[in-house]
Amino acid sequence: MHAILEYYHELKKEKLRMVLTMLGVCWGMANIILMLSVGEGLYRELQRGLLSMGKDIVVVWPGQTSKAYAGFPVGRRIRFTTEDLNRIAGQVPLIEEISPEFIRWSETIKDNGHNMDTRITGVLPCWGEMRSMVPEAGGRFINEMDLKRKRRVIFIGNAVRDKFFGSGVNPVGRQIKVSDIPFTVIGVMKKKMQTNSYSGMDENRCSIPASTYSTMFNQKYPNNAVFRPVDRKRSEQAQDAFRKFLASRYKCDPGDDSIANFWDTIKSVETQGKILRGIQIFMGIIGGLTLIIAGIGVANIMYVTVKERTREIGIKMAVGARPVYIISQFVLEALLTVGIGGALGIALGKGMIAIVWALPIENEVMNFIGRPVYSPLLALISSTILTFIGLLTGVFPARKASMVDPVEALRYE
Amino acid sequence: MIVLENVGKQYDMGAIKVLALDGVSLEIGAGEMLAVLGPSGSGKSTLMNLLGCLDTPSSGSYRLDGELVSEMNRTQLAAVRNRKIGFVFQNFNLLGYATAQENVELPLIYARTPTVERRRRAIEMLELVGLGDRVKHRPAELSGGQRQRVAMARALANDPDIILADEPTGNLDSKSGEEIVALFENLHKRGKTLIVVTHDKNVAGHCKRVITLLDGRIDTDIRKGDSNRAAR
Ligand SMILES: Nc1ncnc2c1ncn2[C@@H]1O[C@H](COP(=O)(O)OP(=O)(O)O)[C@@H](O)[C@H]1O
Ligand SMILES: [Mg+2]
């Protein structure tokens, strides 16, 4: 309490100097917060971009054998059918749900004489949820009834809608022709930020029930399948179980890795997450450098302060202040300077973030790098760094103060 | 209570070594009122700093109430200064930004006296030195004599047994000086041990015992009403 009073005297006496020191810390703190928040925004946006292709899913393509087995030669194509996938769904508890994906790369869709070529996929209802195909308001994705009744219904990508019907148009309920067969539009995909894909972007594809697809096109084997493991941590085991099933069904070496090719998006997300965290830490370090420079400034000022206040230190020692007391006084002063500057810095940093959010920019770059995000964890991290710097800048000058020889100090002018 | 044995203090000034005190042996009993005289540079301040535990001797030993002060570390010395010694300086050494009361509270803070008791004690001490109406004044708003009385109040705050004063009236006019001397008399009557460095014959005249230093040695040590004059 007493020490805080003394700090107040010092503040009043050395206004300009203290304000400049605090500004330094403030700017350093704002910097580190801004850097970490931009890193966080980037992290979240890019992770979201990855997840827009689907959360916790594995994509699997047919492959071919790489080992001779049971009299079969190497290089035999191994493909799976819808029935195989159904059996896997029933027999492999590690797999929560699975959908085949049939693809026609270019089919003509028609509406009142105007037509366009687009990609048509045949899938199960669960595919939509797995692949984050969220419908715009008023529409829906394919459901179980559509599948069972082999209904001619179509869910279209938002880019297809924009080109075919015009942007902003809600085509739900409209009749169009796919390969000259009439279909009803049941939904349009809500625009999403997609940063990875296979077989093209989702905004350019149209989906119909797998059963309907099979009646129209003579395609026995799906191009690929998409499944979700029951537990993201056991994704590899689920993939093994999938492969083992195919190996026993088509008489392959159970250890043959190439009979199916998996894309584990769970792993991709994790890997990208690690890289992005690395970038964020790097940015934090750059921001931290400014704070460290500010900290050095505080330490310098503290040294000057100690020198100027030598006589005061001598007086205190003469009436019985123990060295520890002198140390804690100066450490406290450094902490207060850094603390006040830091608090202002947090406010400034948050203010700058708020300004970025308030800017009406909506373009590709912004979509890609995202907007800075300030989280409680970042607050904790930056405050910890700040306290650490405060202690560090206070301790050395304070130690020097406590080593002052009282007799010399009392003589000091 | 104060026992110095063959105490020396040497200052290292690079090539030159200054022997500020040279084999001083001295005993001062509780309740004594003692004046230290001597020409400038004879080592009076050096002796006072040692007695006041602001400094430690280069050789010899210093016992205070049986405790070997000459072997203590800085923290222990601080505690002794705080509890047992009140120091009054020629140039007052008050904190310029603090009020009279805050200055007097300083030693009480380091003695961890509770706030309420601390305030009460500080005001009591200021009243004792006749500054009961100046508690909220800062040093700059006080006369030299008043400042020295604040310093006296500060020296008395923790009720120490020993009061050390190094030329306390050196910067004061004669009237203010007399007020300070009157305070010393008063303290002496209350049984405090008083050691005063002075050039002022009037101040020395009040003391029952007078020591004279010369070149860092005790030249004379005279007790009044006692004619044996010990030259060393
Ligand atoms: N810190 C110091 N460094 C070097 N010499 C000192 C120091 N303090 C005192 N002295 C020397 O010691 C001697 C005694 O000084 P001091 O005790 O201040 O004398 P007095 O108070 O009697 O005038 C002087 O010669 C002085 O120059
Ligand atoms: Mg002197």
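First, a word on what this report is: a plain description of the structure on this page. In this text, all values refer to a predicted model and were calculated from it rather than measured experimentally. Every chain's residues receive numbers from 1 upward, in the order its sequence appears when written. Naming scheme: in the order in which they are written, chains are lettered from A and ligands are numbered from 1. Reporting in this predicted model follows two pLDDT cut-offs: at least 70 for local features of residues, and 80 or more for side-chain atom pairs to be given and counted; totals over whole chains, interfaces and linings ignore these cut-offs and use all residues. Think of the side-chain values as coming from all heavy atoms in the structure, minus any hydrogens and water.

### A short note on the interface of chain A and chain B
For step 1, the next point in the chain: Residue contacts are defined here by distance: any two heavy atoms, one from each residue, within 4.5 Å place the two residues in contact. Across the contact, 23 residues belong to chain A and 22 residues belong to chain B.
For step 2, the next point in the chain: Here the quantity called buried area is the total loss of accessible area, with a 1.4 Å probe, experienced by two parts when brought into contact, counted for both. Around 2,200 Å² of area is buried between chain A and chain B when both sides are counted, 60% of it from carbon and sulfur atoms.
For step 3, the next point in the chain: Among the residues chain A hides against chain B, the three largest losses belong to Ile315, Val319 and Arg322 of chain A. Together they make up 26% of the total.
For step 4, the next point in the chain: Between Lys or Arg on one side and Asp or Glu on the other, a salt bridge is scored when a side-chain nitrogen of the former is within 4 Å of a carboxyl oxygen of the latter. Counting the contacts that link chain A with chain B gives zero salt bridges.
For step 5, the next point in the chain: Any pair of N or O atoms that falls within 3.5 Å is considered a polar contact. Within protein, one atom must be able to donate a hydrogen and the other to accept it, and sequence-neighbouring residues count only if both atoms are side-chain atoms. For the pair chain A and chain B, the number of links is six residue pairs in polar contact (both at pLDDT 80 or more).
For step 6, the next point in the chain: Going along the chain from the N terminus, every DSSP run of H or I of four or more residues is numbered as a helix, and every run of E of two or more is numbered as a strand. Secondary-structure elements contributing two or more residues to the side of chain A that touches chain B are α1 (2-13), α10 (310-318), α11 (323-358) and α14 (406-411) of chain A.
For step 7, the next point in the chain: In terms of residues, the side of chain A that touches chain B owes the most to one element, α10 of chain A, which gives six residues.

### Remarks on the packing of helix α2 (residues 15-51) of chain A against helix α9 (residues 265-308) of chain A
All names here are of chain A.
For step 1, the next point in the chain: Look at α2 against α9: their axes get within 9 Å of each other, and the N-to-C directions meet at 175°. When the axes of α2 and α9 are compared, the pair comes out roughly antiparallel.
For step 2, the next point in the chain: All residues other than Ala, Val, Leu, Ile, Met, Phe, Trp, Tyr, Cys, Pro, Asp, Glu, Lys and Arg, Gly among them, are scored as polar; the first ten of these are nonpolar and the last four charged. Here the residues of the contact of α2 with α9 are counted per class, giving 22 nonpolar, 15 polar and four charged. Only the stretch in contact is used when a helix axis is fitted, and all axes are lines through C-alpha atoms; the angle between N-to-C directions ranges over 0 to 180 degrees. We call two directions roughly parallel when the angle between them is under 35 degrees, roughly antiparallel when it is over 145, roughly perpendicular when it lies between 65 and 115, and oblique otherwise.

### Quick look at the sheet that holds strand β5 (residues 67-68) of chain B
Each strand in a sheet pairs with another by means of backbone hydrogen bonds, the pair being arranged parallel or else antiparallel.
Residues and elements named next belong to chain B.
For step 1, the next point in the chain: Any two strands with at least two DSSP-identified bridges between them are counted as paired. If you trace the four strands from one edge of the open sheet to the other, you get β2-β1-β4-β5, paired in antiparallel fashion. Unpaired on one side and paired on the other, β2 (16-28) and β5 mark the two borders of the sheet.
For step 2, the next point in the chain: In terms of strand pairing, strand β1 (residues 2-13) meets strand β4 (residues 59-64) through five bridges, oriented antiparallel. Bridging across to β4, Ile2 finds its partner in Leu64.
For step 3, the next point in the chain: Relative to β1, helix α1 (residues 44-51) is tilted by about 120°, and along the sheet it contacts β1, β2 and β4.

### A closer look at the pairing of strand β3 (residues 33-37) of chain B
Residue and element names in this part refer to chain B.
For step 1, the next point in the chain: A 1.4 Å probe rolled over the protein chains alone gives each residue an accessible area, and that area as a share of the maximum for its type sets the label: buried under 20%, exposed over 50%, partly exposed in between. For β3, the tally of buried residues reaches five of five residues, placing the bulk of the element in the interior.
For step 2, the next point in the chain: The alternating pattern of β3 places Met33, Ala35 and Leu37 on one face and Leu34 and Val36 on the opposite face, and all of these are buried.
For step 3, the next point in the chain: Direction of pairing for β3 relative to strand β8 (residues 193-197): parallel, over a ladder of four bridges. Bridge pairing in β8 places Met33 opposite Leu194.
For step 4, the next point in the chain: In the sheet, β3 pairs with strand β9 (residues 209-214) via four bridges, with the strands oriented parallel. From the neighbouring strand, Ala35 faces β9, where its bridge partner is Val210.

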